[in-house]
Amino acid sequence: MRVLVRYFAVLRERRGKSEGWEELPEGSTVKDAYALLCPPAQLPVGYAINQDYVAGATELKEGDELVFLPPLGGG
Amino acid sequence: MRVLVRYFAVLRERRGKSEGWEELPEGSTVKDAYALLCPPAQLPVGYAINQDYVAGATELKEGDELVFLPPLGGG
Amino acid sequence: MVALTALPLHVPAIEATVAAPQNGAVLTFVGVARCTPAFGERPVVGLDYEAYAPMALAELLRIHTELCTRWPGLRLAMVHRIGALTLGEPVVVVCVGTPHRALAYDASRAAIEELKARVPIWKKEIYADGSAWTSNRP
Amino acid sequence: MVALTALPLHVPAIEATVAAPQNGAVLTFVGVARCTPAFGERPVVGLDYEAYAPMALAELLRIHTELCTRWPGLRLAMVHRIGALTLGEPVVVVCVGTPHRALAYDASRAAIEELKARVPIWKKEIYADGSAWTSNRP
């Protein structure tokens, strides 16, 4: 299954890219994806699928836009 | 004893003047002055002497500037 | 900074007085002349503010000193318009500059509440067919 | 009204969007780029804001809808700057227009708290000799 992952702020810098299609095992949750794509993942993050907040246990679907949200700094 | 009384807002309109020297009995309090100068005085007011809030029981002195403060409307 | 003025209030000029490099929050309260009457149903078409000017200024300064003593680092400006106003014009501007926002909200609210409770200013609502003195305490 | 923009924020233009004849209170919160760092001692010389723009806008709209549903009659504008900022520039403007001031303070505070907690925007502090991503939760 392929999902579009966008990276922001510190995660963008760590990954060295701002987005990419990533291949993940069927049934992966967003938390699984984070552990797989951003090891060692010590940074606590939030998760969004298709521009909406989701829980870490949410299962991904083919074609989803997935974003890991580092601690926010707006305002 | 003479005090300078200034009148504002509704009291200015009722009195038909914005200020005047008024003759008051020695030992008059500001509350006494209000009852004397603005009968029947149903309007609840605050009191100021020389631009500072005072209690109704405060005794007046010769030459004081006395103001009766109708309910405020600033802001 | 505190002021009473018969001239229209220019909000950005007042905000500029509370700027400081370490301040991350500027909170500006603007009280605006509005069409809704304090009592009854007659639409307001204008307002007329009258002040006991020397005491109003003294009281604004006392409030300023009290709040800036209570919250060191606070930058505070309070300006009140007097005289005749048309609808939509600013009546009062309370502007605070603080390092963080929590203090900005507390200080701004305290400043406008103290101003309304203590500063000797009176408001007359003008209607199409008359007028009435109104107060902050219904 | 909500917006994200890389252009400097013009506060009076944002305030104008919340005016209404029945509104007696306009409260404007401006978050300003300041010299004090979130952590450590290195003076901040500039800021760089990055947003997940489509979600940030969607989240701003959700907050706008939630607050305007909770408080009918509320006029609300939220605008956030992105990109590189110099010190003293506005970062965020939250502007509310309400009939009375109590609601203005409650709604303004709720709006900025929700914005900080939910809108996906990140802040990088620039120092003379480096930079660091900082967050709203130390």
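The structure under discussion appears in the preceding block.
A quick note: this is a predicted structure, and the numbers were derived from the prediction, not measured.

Asks: Whenever I open this one, the sheet that holds strand β5 (residues 65-69) of chain B confuses me. Can you help?
Replies: Backbone-to-backbone hydrogen bonds pair the strands of a sheet. The strands run either parallel or antiparallel. Residue and element names in this part refer to chain B. Across the sheet, which stays open at both edges, the 5 strands sit in the order β2-β1-β5-β3-β4 with mixed pairing between neighbours. In this open sheet, the two strands that pair with only one neighbour each are β2 (19-23) and β4 (52-54). Direction aside, the axes of adjacent strands within the sheet are offset by 35° on average. With 3 bridges connecting them, strand β1 (residues 2-6) and β5 associate as parallel partners.

Asks: Just to check I follow, could you spell out the pairing of strand β6 (residues 90-98) of chain D for this structure?
Replies: On a regular strand, each side chain points to the face opposite its neighbour's, so the side chains alternate between the two faces of the sheet. All names here are of chain D. Most of β6 is tucked away, with 9 of its 9 residues classed as buried. The sheet contact formed by strand β2 (residues 25-32) and β6 spans 8 bridges and is antiparallel. Within β6, the residue paired with V26 across the bridge is G97. Looking at chain direction, strand β4 (residues 75-81) and β6 are connected through 6 bridges and run antiparallel. Within β6, the residue paired with L76 across the bridge is V96.

Asks: Sorry, what's going on with the arrangement of the chains here?
Replies: Between chain A and chain B there is no contact, and the shortest C-alpha to C-alpha separation is 29 Å. As for chain C relative to chain A, no contact occurs, and the smallest C-alpha gap between them is 10 Å.

Asks: For this particular structure, what's the right way to read the interface of chain A and chain D?
Replies: Interfaces are frequently sized by the accessible area removed from exposure as the parts join. Chain A puts 20 residues into the contact, and the matching count from chain D is 26 residues. Of the roughly 1800 Å² buried between chain A and chain D on both sides combined, carbon and sulfur atoms contribute 57%. Of all residues in chain A, Q51, L72 and G75 of chain A give up the largest surface area on contact with chain D, accounting jointly for 35% of the area buried on that side. Applying the counting criterion to the chain A and chain D interface returns 3 salt bridges. In this structure, the salt-bridge partner of K124 of chain D is E13 of chain A, at a minimum N-O distance of 2.5 Å.

Asks: Help me understand the relation of the copies chain D and chain C, please; the structure alone is not making it clear to me.
Replies: For the pair of chain copies, the relating transformation is a rotation about an axis with a translation along it. When chain D is brought onto chain C, the operation consists of a screw motion whose angular component is 180° and whose axial shift is 0.0 Å, with 0.0 Å RMSD remaining. Both copies are brought into coincidence by an operation consistent with a two-fold rotation axis. No C-alpha of chain D lies nearer the rotation axis than that of T28 of chain D, which sits 2.6 Å from it. Both copies present the same face, since 100% of the interface residues in chain D are matched by interface residues at the equivalent positions in chain C.

Asks: Help me out: how do you make sense of the interface of chain D and chain C in this one?
Replies: Facing 27 residues of chain D, the contacting portion of chain C comprises 27 residues. Counting the surface lost from both chain D and chain C, the interface buries some 2300 Å², and carbon and sulfur atoms represent 54% of this. Of all residues in chain D, R34, R101 and Y105 of chain D bury the most surface against chain C, accounting for 29% of the area lost on that side. The interface formed by chain D and chain C includes 2 salt bridges. A salt bridge links E113 of chain C to R101 of chain D; the shortest N-O distance between them is 2.7 Å.

Asks: What am I meant to see in unusual backbone geometry here?
Replies: Put simply, P39 of chain A and P40 of chain A share a cis peptide bond, and its omega is 0°. Structurally, P40 of chain A can be placed in the loop between α2 (30-37) and β3 (46-49). One non-glycine residue with positive phi stands out, namely Q51 of chain A, at about 70°. By secondary structure assignment, the location of Q51 of chain A is in the loop between β3 and β4 (52-54). Within the chain, N50 of chain B stands out as a residue other than glycine whose phi angle is a positive 50°. Summarising the element assignment, N50 of chain B is placed in the loop between β3 (46-49) and β4.

Asks: What is the right way to look at the packing of aromatic side chains in this model?
Replies: Aromatic ring pairs are defined here through the distance separating the ring centres and the angle between the ring planes. Using the criterion set out here, one finds 14 aromatic pairs over all chains in the structure. Centre to centre, the rings of F8 of chain A and W122 of chain D are 5.1 Å apart; their planes meet at 15°, and the pair counts as stacked. Linking F8 of chain A in the loop between β1 (2-6) and α1 (9-15) with W122 of chain D in strand β7 (residues 121-127), this pair reaches from one chain into another. F8 of chain A sits in the buried class, given a relative accessible area of 10%. Ring centres 6.4 Å apart and planes at 45° place the aromatic pair Y7 of chain B and F68 of chain B in the tilted group. On the criterion of sequence distance, the pair formed by Y7 of chain B in the loop between β1 and α1 (9-15) and F68 of chain B in strand β5 is long-range, its members being 61 residues apart. Each member of the pair, Y7 of chain B as well as F68 of chain B, carries the same accessibility label: buried. A connected cluster of aromatic rings, assembled from ring pairs, spans Y7, Y34, Y47 and F68 of chain A.

Asks: I'm lost on the environment of L7 of chain D in this one. Help?
Replies: For L7 of chain D, the position within the fold is in the loop between β1 (2-5) and α1 (11-16). In this structure, the C-alpha to C-alpha distance between L7 of chain D and A84 of chain D, residues 77 residues apart in sequence, is 9.8 Å.

Asks: Looking at this structure, how should I read the pattern of salt bridges?
Replies: Residues and elements named next belong to chain A. One pass over the structure, following the stated rule, counts 32 salt bridges over all chains. R6 is the salt-bridge partner of E65, the closest N and O atoms lying 3.3 Å from each other. With E65 in strand β5 (residues 65-69) and R6 in strand β1, this pair connects stretches of sequence that are 59 residues apart. When its relative accessible area of 13% is taken as the criterion, E65 is described as buried.

Analysis parameters
Residues numbered from 1 in each chain as written. Chains lettered and ligands numbered in written order. Predicted model: local features only at pLDDT ≥ 70, side-chain atom pairs only at ≥ 80, totals over all residues. Heavy atoms only, no water. Pairing = 2+ DSSP bridges. Helix = DSSP H or I, 4+ residues; strand = E, 2+ residues; numbered from the N terminus. Axes fitted to C-alpha atoms, helices over the stretch in contact; angles between N-to-C directions. Buried < 20%, exposed > 50% of the residue type's maximum accessible area, 1.4 Å probe, protein only. Contact = heavy atoms within 4.5 Å. Buried area = accessible area lost by both parts, 1.4 Å probe. Salt bridge = Lys/Arg side-chain N within 4 Å of Asp/Glu carboxyl O. Least-squares fit on C-alpha atoms with pLDDT ≥ 70 in both. Phe/Tyr/Trp six-rings, centres within 6.5 Å; stacked < 30°, edge-to-face > 60°.

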